[in-house]
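This is what each chain is made of:
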Amino acid sequence: MKKYVMMIVAAVFMTACHESLEERAARECKEYTEKYCPVPVSDVVVNDSMVYESATRTVHYYYSLRGIADTSSIDPKKARAEMLEAVKNSTELKAYKEAGFNLRYTYFSTKNRGKKMFDLLFTPKDY
């Protein structure tokens, strides 16, 4: 009898230690933002933060554009196509894509603080 009780207790503790993918996404986004952001992605793009939005199962990346990229002449359709290709080819996003998460990328102007340049949302049907 003692053996079975110990097995049940061990199973409860082992289950409690495992976090869901949603919990992991929220934790990883928060930890990444606190540890690294803002972080330059390139000379013209800065990753300001990452957030997991549980209500919509969305990993949301916030970026700032600067320099030559901080202009309204960027073609949103071309930017979407290029970003979608990057999402499709990303191995870092594999677990999120397999789980059917949405991926959202919002870009803001640096010189016109608060101005949203474009907002890209990718759902499982996109990738």
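For the structure, see preceding data.
Bear in mind the structure is a predicted one, so any value in this text is a computation, not a measurement.

Calculation notes
- In this convention, every chain numbers its residues from 1, walking through the sequence in written order.
- pLDDT decides what is reported in this predicted model: residues at 70 or higher carry local features, side-chain atom pairs at 80 or more are listed and counted, and totals for whole chains, interfaces and linings draw on all residues regardless.
- Only heavy atoms go into the side-chain values, all of them from the structure, while hydrogens and water stay out.
- By convention, a stacked pair of Phe, Tyr or Trp rings (six-membered ring in the case of Trp) has centres within 6.5 Å and planes under 30 degrees apart, an edge-to-face pair has planes over 60 apart, and any other such pair is tilted.
- For every residue, the accessible area (1.4 Å probe, protein chains only) is compared with the maximum for its type, and the residue is labelled buried under 20%, exposed over 50%, or partly exposed between those bounds.
- Pairing between two strands is assigned when DSSP locates at least 2 bridges connecting them.
- Helix and strand definitions follow DSSP, with helices as H or I runs of at least four residues and strands as E runs of at least two, each counted in order from the N terminus.
- Contacts are assigned to residue pairs that have any heavy atoms within 4.5 Å of one another.
- Throughout, an axis means a line fitted to C-alpha atoms (over the contacting stretch in the case of helices), and angles, computed between N-to-C directions, take values from 0 to 180 degrees.
- Within this document, salt bridges are pairs made up of a side-chain nitrogen of Lys or Arg and a carboxyl oxygen of Asp or Glu, the two lying within 4 Å of each other.

(A) Inspection of the packing of aromatic side chains at higher detail. Following the criterion strictly, the structure yields nine aromatic pairs and no others. Summarising the aromatic geometry, the rings of Tyr96 and Phe101 are spaced 5.3 Å apart at their centres and angled 10° between planes, so their arrangement reads as stacked. When its relative accessible area of 7% is taken as the criterion, Tyr96 is described as buried. Relative accessible area serves as the criterion here: at 0%, Phe101 is assigned to the buried category.

(B) Up close: the pairing of strand 2 (residues 45-53). Both strand 1 (residues 39-40) and strand 2 contribute to a ladder of two bridges, which runs antiparallel. Counterpart to Pro40 in the pairing with strand 2 is Val46. Connecting strand 1 to the antiparallel partner strand 2 that follows it, the hairpin turn spans four residues. By the bridge criterion, eight bridges tie strand 2 to strand 3 (residues 58-65) in an arrangement that is antiparallel. Note that in strand 3 the partner of Glu53 across the bridge is Thr58. Counted along the chain from strand 2 to the antiparallel partner strand 3, the turn is four residues long, and its residue Arg57 has a positive phi close to 55°.

(C) Just the sheet that holds strand 4 (residues 102-109), in detail. Strand order in this open sheet of five strands is 1-2-3-4-5, and the pairing throughout is mixed. Here the strands that pair on one side only, and so sit at the sheet edges, are strand 1 and strand 5 (116-122). Of the strands in this sheet, strand 1, strand 2 and strand 3 are in contact with helix 2 (residues 21-36), which crosses strand 2 at around 150°. The strands touched by helix 3 (residues 76-89) are strand 4 and strand 5; relative to strand 5, the strand with the most contacts, the crossing angle is about 40°.

(D) Looking closely at the pattern of salt bridges. Under the definition given, this model contains nine salt bridges. For Arg104, the salt bridge is made with Asp119, and the minimal N-O distance between the two is 2.4 Å. One end of the pair, Arg104, is in strand 4; the other, Asp119, is in strand 5, with 15 residues separating them in the sequence. Judged by relative accessible area, which is 29%, Asp119 ranks as partly exposed. The closest approach of N and O atoms between Asp119 and Lys116, which form a salt bridge, is 4.0 Å.

(E) Layout of the environment of His60. Here His60 lies in strand 3. It is 8.3 Å that separates the C-alpha atoms of His60 and Ser49, two residues lying eleven residues apart in sequence. The residues contacting His60, other than those within four sequence positions of it, are Ser49, Met50, Val51, Glu53, Arg104, Thr106 and Asp119.

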